[in-house]
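Here is what each chain is made of, one letter per residue.
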Amino acid sequence: MILLVYGYLQADEELTLRTLGSRLQGHPDRRFMPWLEASTGSLGQGLSIGIGIALAHKLDKNPARTFVILGDGE
């Protein structure tokens, strides 16, 4: 899990995937992971948010890069 490799999650949290009350209980949620740009869940929502963030960077002449991780349901 890439979030574990880069230190965003603790090693023991990986075992709580899909467990109620866990930060990894379901869809990403900013309430539990404040470093996320957006809470997502609905199919197709993540790509449009990513495009909006990328366009905002472009308008601001910000050289930042935007990455969107999509699953097969998108």
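For the structure itself, consult the block above.
Residues numbered from 1 in each chain as written. Predicted model: local features only at pLDDT ≥ 70, side-chain atom pairs only at ≥ 80, totals over all residues. Heavy atoms only, no water.

Draft legend 1. Inspection of the packing of aromatic side chains at higher detail. Overall, the coordinates contain 1 aromatic pair when judged by the stated rule. With a centroid separation of 4.7 Å and an interplanar angle of 45 degrees, the aromatic rings of tyrosine 8 and tryptophan 35 are classed as tilted. Here the residue tyrosine 8 occupies a position in the loop between helix H1 (2–5) and helix H2 (45–59), and tryptophan 35 occupies one in the loop between H1 and H2, the gap between them amounting to 27 residues. Note on tyrosine 8: relative accessible area 41%, which makes it partly exposed. (Phe/Tyr/Trp six-rings, centres within 6.5 Å; stacked < 30°, edge-to-face > 60°. Helix = DSSP H or I, 4+ residues; strand = E, 2+ residues; numbered from the N terminus. Buried < 20%, exposed > 50% of the residue type's maximum accessible area, 1.4 Å probe, protein only.)

Draft legend 2. View of unusual backbone geometry. We note that arginine 18 has phi near 65 degrees; this positive angle belongs to a residue other than glycine. As for its position among the elements, arginine 18 is in the loop between H1 and H2. Residue lysine 61 is not a glycine yet carries a positive backbone phi of 55 degrees. Take lysine 61: it is sitting in the segment after H2. Among the residues examined, lysine 61 registers a relative accessible area of 75% and is labelled exposed.

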